[in-house]
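Fold and geometry: a report
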Amino acid sequence: MTYAHPFDDKEIWFGVGSQDLYGEDALRQVAAQSAQIVDALNATGAIPVKLVLKPTLKSSDSVKQFMVEASASPRCVGVIAWMHTFSPAKMWIRGLEVLNKPLLQLNTQHHVEIPWESIDMDFMNLNQSAHGDREFGYIVTRLGIPRKIVVGHYTDPDVARKIGTWARACVGWDASNTMKVMRWGDNMRNVAVTEGDKTEAERVFGASINTWAVNELVSYVDKVKDDQVKALIEDYKSKYDVAPELLDSRYDSLFAAAKEEAGMVNMMNDYGTTAGVDNFEDLGTLSQLPGVGAQRFPSEYGWGFSAEGDWKTAVLVRIASVMGYGLDGGASLMEDYSYNFVPGHEKIMGSHMLEVSPSVGTMAKPTLEIHPLGIGGKADPVRLVFTVAPRRDAVVVSMSDVRERFRLLMNVVDVVEPDGSLKNLPCARGLWAPRPNLKESAECWLRAGGSHHTCMTTSIGREAWEDFARIAGVELATIDENTTPREFERDLEVSEMYHRLNNQH
Ligand code: MN
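The shown structure was predicted, so the numbers you read here are calculated from the model rather than taken from an experiment.

Time to look at helix 9 (residues 226-239). Over its 14 residues, helix 9 extends 20 Å from the first C-alpha to the last, a length consistent with the 20 Å expected when each residue adds 1.5 Å. The complete set of buried residues in helix 9 reads Val229, Leu232, Ile233 and Tyr236. End-on view of helix 9: buried residues confined to an arc of 100°, all on one side of the axis. In this fold, the buried residues of helix 9 make contact with strand 8 (241-242), helix 10 (251-271), helix 11 (292-301) and strand 13 (367-370).

What follows is the structure in structure tokens.
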């Protein structure tokens, strides 16, 4: 990955609740133990965003001030609250009401074991988070504020892992709220699921989605200097096996493809956008449909990309790219294409005509190839060809409009090796076994009205997406190893009622 680290300048603020009742000596111990806990969590390496301990919160005014500052700070992407002692929760109401950053309630304590022989009233007064966190949990629930809850001793690796996953969702949420999506052209004609309410998307996800004339992209491509194109071609040669004809008789096509990548990148950088969308029906005088350039958006720039005017998947790919930064794997546009119904070998083959990104991991070094493309009426496009590397616990996530709201739909899948060579397939592809199995997964997917376009994510899994959806206040239906079509249908009906009753999100 060559793009800038999206977490470096971000912080999670750690607020510890107490009160003045216990005296200065107890509060000094609260502060010291809190610092020890925060230092230990930071030292695990499992949390990719720095936790910053703030002074102990002992009054309604100090809580309000803390929440106002956290809400206004561009560095702060989330708040962790822990009640070391008992912190009467009415003093949290004013502050929680103004908090606009994601919240995590940590239910931990300083000691692992109850000191059976030495415990006395002083120890109990100082170490009573089992008590204090219940009072805090009550008020957060009463106020209807979404939060992640993590329970366990702070040295338990699972605690740091869960906080780390949530921290990734917080940074994804921050990226969503600062996202600008550049669309070249509108929606592919007559396609339903990729249409949608971009104004509502900005309200819900914070992402600003707009369209630019493809003519402007053409002029950006025309202005690209040869040096930039040649540098990109060198980068291709270093990362992929370039088909010999592209370096010889068809070098002009390779040059044109790299020039298109450079033009798209220059235009997106000029406008500060972090996701792009094109449409093969609206290419102006571009010589070929962008292939390799679009495929490199997630892998080389950390940007989202989707095709056919589908801004929804582009938004998801950008969010997933940020959430998964630094981990093995990544995110890409994917599209369900063909089933293997052979008993015992049931799986789905996903692909797209060009644009699947190698960011998700590849079985072998991708090859850069040129082949005809039957649609679009343009010159043969240059594209990366590869098979997605096997990976357990990957997810495919789609976004669809279900009239008054967005629905995210997720299937937990295991990416597997293909059963044959696929040697005549001139595009990138992946094979996966969906959970619980192909037939029930597909039945549930169809039931929920999920899209044919998805964001395949191989870096972060279901928990990060669950955390993200809770933060965003967006419906997330999940198909996993425990799903049955009958229960899933009922869950969708309950979810429908819940979201219609609770639609102020
Ligand atoms: Mn498509």
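The next subject is the side chain of Thr274. Within the secondary structure, Thr274 sits in the loop between helix 10 and strand 9 (275-277). Residue classification places Thr274 among the buried positions, given a relative accessible area of 15%.

With that out of the way, let us pick up the packing of aromatic side chains. Under the defined criterion, the tally for this structure stands at 16 aromatic pairs. Aromatic pair Tyr251 and Phe255: ring centres 6.1 Å apart, planes at 50°, arrangement tilted. Pair noted here: Tyr251 and Phe255 are both in helix 10, with a separation of four residues, about one helical turn. Consider the rings of Phe297 and Tyr301, whose centres lie 6.3 Å apart with planes at 85°: the pair is edge-to-face. Note that Phe297 and Tyr301 are positioned in helix 11 at a spacing of four residues, about one turn of the helix. The pair formed by Phe297 and Tyr301 is uniform in burial state, with each residue classed as buried. One aromatic cluster in this structure is built from Trp173, Phe205, Trp311, Phe406, Trp465 and Phe468. Sitting over the ring of Trp13, Lys54 keeps its end group 3.9 Å from the ring centre. The positively charged end of Lys223 is found above the aromatic ring belonging to Tyr220, 5.0 Å away from the centroid.

Bound to the manganese ion are the protein donor atoms Glu308 (OE), Glu335 (OE), His352 (NE2) and His453 (NE2), situated 2.1 to 2.3 Å from the metal. When the donors of the manganese ion are listed by position in the chain, the intervening gaps give E-x26-E-x16-H-x100-H. Taken together, the residues span a long stretch of sequence, with Glu335 in strand 11 (residues 331-340) and His352 in the loop between strand 12 (347-351) and strand 13 at a distance of 17 residues.

So, on to the packing of helix 9 against helix 11. With their axes 13 Å apart at the nearest point, helix 9 and helix 11 run at an angle of 75° to one another. The orientation of helix 9 with respect to helix 11, classified from their angle, is roughly perpendicular. Counted together, Leu232, Asp235, Tyr236 and Lys239 of helix 9 and Val292, Arg296, Glu300 and Tyr301 of helix 11 form the full contact between these two elements. Of the residues in the contact of helix 9 with helix 11, the class split is four nonpolar, no polar and four charged.

Take the domain arrangement of the protein chain next. What the domain assignment lists for the protein chain is domain 1 (11-176) and domain 2 (178-502). Of the residues lining the interface, 17 residues belong to domain 1; the matching set on domain 2 comes to 21 residues. Note on domain 1 versus domain 2: buried area summed over both sides is about 1500 Å², and carbon and sulfur give 59% of it. Sorting the residues of domain 1 by area buried against domain 2 places Arg168, Trp173 and Ser176 first, and these three jointly supply 42% of that buried surface. Linking domain 1 to domain 2 there are three salt bridges. Between Asp467 and Lys148 there is a salt bridge, and its shortest N-O distance comes to 2.7 Å. Applying the counting criterion to the domain 1 and domain 2 interface returns 13 residue pairs in polar contact (both at pLDDT 80 or more). Broken down by element, the side of domain 1 that touches domain 2 gets its largest block of residues, 13 residues, from helix 6 (residues 157-177). Its residues assigned to classes, the side of domain 1 that touches domain 2 shows eight nonpolar, three polar and six charged.

What counts as what
Residues numbered from 1 in each chain as written. Predicted model: local features only at pLDDT ≥ 70, side-chain atom pairs only at ≥ 80, totals over all residues. Heavy atoms only, no water. Helix = DSSP H or I, 4+ residues; strand = E, 2+ residues; numbered from the N terminus. Expected span 1.5 Å × (residues − 1). Buried < 20%, exposed > 50% of the residue type's maximum accessible area, 1.4 Å probe, protein only. Arc of directions from axis to C-beta. Contact = heavy atoms within 4.5 Å. Phe/Tyr/Trp six-rings, centres within 6.5 Å; stacked < 30°, edge-to-face > 60°. Lys NZ or Arg CZ within 6 Å of the ring centre and 35° of its normal. Donors = N, O, S within 2.8 Å, 3.2 Å for Na, K, Ca; no water. Axes fitted to C-alpha atoms, helices over the stretch in contact; angles between N-to-C directions. Parallel < 35°, antiparallel > 145°, perpendicular 65-115°, else oblique. Nonpolar A, V, L, I, M, F, W, Y, C, P; charged D, E, K, R; others polar. Domains from an automatic or database assignment. Buried area = accessible area lost by both parts, 1.4 Å probe. Salt bridge = Lys/Arg side-chain N within 4 Å of Asp/Glu carboxyl O. Polar contact = N/O pair within 3.5 Å; in protein donor to acceptor, adjacent residues only side chain to side chain.

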